[in-house]
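# Inside the fold
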Amino acid sequence: MRLRNVPGSRDVIAESPFTVKNETEYQGKWNSLFGNDNPIHIEVGMGKGQFLMTLAAAHPEVNYVGIEKYSSVLIRAIEKQEEAELPNVLFIRMEAEHIAEVFGKEEVSRIYLNFSDPWPKDRHAKRRLTSRQFLERYAKILKREGHIIFKTDNRELFDFSLEEAEAAPGWKLLNHTFDLHHSEFAKDNVMTEYEQRFVEKGNAICRMEIAQEA
Ligand code: SAM
């Protein structure tokens with residue numbers, strides 16, 4: 001992804017009421033930040049926030065937390081939230097590797113991974129957000145009945161992710177499609193920024209849903 005440094009973005013993030021600072025202090029206490037007991041859904045690698053903001057506007061009964069590592073990207077999601085001021089949206093600027101230090105055991109009801117970076121070199125496989133190393137982290141924070149929903153146009157990354165879900169202990173594949181937009185999941189699909197771009201180019205979008213074994 002091409003990244004442009006946005007001057008002052010770190011200051012905006014530090015001052016924004018929509019970003020959570022010292023995020024590890026809220027482990028197990030995220031509902032106190034939202035002031036209700038609604039389920040928490042997170043998007044890891046949220047980018048500019050279109051998907052998360054669309055879902056949050058449609059589902060006020062769910063609390064959404066967007067995680068993004070780059071300030072210059074996160075700032076675009078903050079701008080959307082400054083306009084919309086949705087009470088059920090918060091953001092964290094962080095590296096997702098530390099996710100199990102930020103949320104408590106079974107604190108999260110759903111995890112969205114959309115168009116995650118492919119990290120094509122084998123030696124970087126553990127950096128992929130669907131690697132078994134990340135699945136192990138997600139298992140610590142996801143409710144037993146919670147799902148992970150992953151979308152990508154990258155077939156190699158998708159095949160790898162199917163294999164990881166199979167190989168990682170304690171996970172099962174619930175459903176998958178290699179062509180989301182011509183599948184039963186198309187009607188409820190909310191497009192992400194990257195998805196819009198790839199669909200316009202004619203790329204097929206893959207989608208899978210996994211959960212922990214009972
Ligand atoms: N999900 C958005 C979408 O579908 O339009 C953005 C997709 S973009 C290809 C991937 C995003 O994930 C980037 O903004 C990147 O900075 C973020 N990201 C990748 N790895 C991450 C990590 N380990 N922790 C936090 N954010 C990450």
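Before any of the text, the structure's been laid out above.
Here we summarise the structure given alongside this text. Predicted, not measured: the structure shown is a model, and the values here were computed from it.

In the Ramachandran plot, Glu106 falls in the positive-phi region, its phi being about 55° despite a non-glycine side chain. Position of Glu106 among the secondary structure elements: in the loop between β3 (89-93) and β4 (108-114).

As a volume, the second largest pocket reaches approximately 330 Å³. Lining the second largest pocket are 19 residues, and of these Arg110, Tyr112, Ile149, Asp188 and Arg207 sit closest to its centre. Listing elements by their share of the lining of the second largest pocket, those giving two or more residues are α3 (50-58), β4, β5 (142-152) and β7 (206-212). The dominant element in the lining of the second largest pocket, judged by the number of residues it contributes, is β4, at three residues. Classifying every residue of the lining of the second largest pocket gives eight nonpolar, four polar and seven charged.

To continue, consider the site of the ligand. Around the ligand, 19 residues are found, and the nearest of them are Gly45, Glu68, Glu95, Ala96 and Thr192. The separation between a nitrogen atom of the ligand and a polar main-chain atom of Ala96 is 2.9 Å. Here a nitrogen atom of the ligand and a backbone polar atom of Asn114 are 3.0 Å apart. The protein chains hide 96% of the 590 Å² of surface that the ligand would expose on its own. Broken down by class, the residue content of the shell around the ligand amounts to nine nonpolar, four polar and six charged.

Let us now look at the side chain of Glu209. Here Glu209 is to be found in strand β7. Since its relative accessible area comes to 10%, Glu209 is described here as buried. A distance of 2.8 Å separates the side chain of Glu209 from the side chain of His147, its partner in a polar contact. Ignoring anything within four residues of it in the chain, the contact list for Glu209 reads His147, Ile148, Ile149, Lys172, Leu173, Leu174, Asn175 and Phe185.

Tracing the sequence through the fold places Thr130 in the loop between β4 and α5 (132-141). A relative accessible area of 5% means that Thr130 is categorised as buried. Here the side chain of Thr130 touches Ser161 through a polar contact of 2.7 Å, side chain to side chain. With residues near it in sequence (within four places) discarded, Thr130 still touches Leu113, Leu135, Phe150, Leu157, Phe160, Ser161 and Glu164.

Turning next to helix α4 (residues 71-84). Along its 14 residues, α4 runs 20 Å from first to last C-alpha, staying within 8% of the 20 Å computed at 1.5 Å per residue. All buried positions along α4 are accounted for by Ser71, Ser72, Val73, Leu74, Ile75, Ala77, Ile78 and Gln81. Packing partners of the buried residues in α4 comprise α1 (9-15), α3, β2 (63-68) and β3. Just beyond α4, the residue with positive phi is Glu85, at close to 45°.

Rules behind the numbers
- Residues numbered from 1 in each chain as written.
- Predicted model: local features only at pLDDT ≥ 70, side-chain atom pairs only at ≥ 80, totals over all residues.
- Heavy atoms only, no water.
- Helix = DSSP H or I, 4+ residues; strand = E, 2+ residues; numbered from the N terminus.
- 1 Å grid on protein atoms, 1.4 Å probe; cavity = no way out; pocket = protein on both sides within 12 Å on 5 of 7 lines; lining within 4 Å.
- Points joined across faces, edges and corners; volume = space filled by probe spheres on them.
- Nonpolar A, V, L, I, M, F, W, Y, C, P; charged D, E, K, R; others polar.
- Near = heavy atom within 4 Å.
- Polar contact = N/O pair within 3.5 Å; in protein donor to acceptor, adjacent residues only side chain to side chain.
- Areas by Shrake-Rupley, 256 points an atom, 1.4 Å probe, with all protein chains shown as cover.
- Buried < 20%, exposed > 50% of the residue type's maximum accessible area, 1.4 Å probe, protein only.
- Contact = heavy atoms within 4.5 Å.
- Expected span 1.5 Å × (residues − 1).

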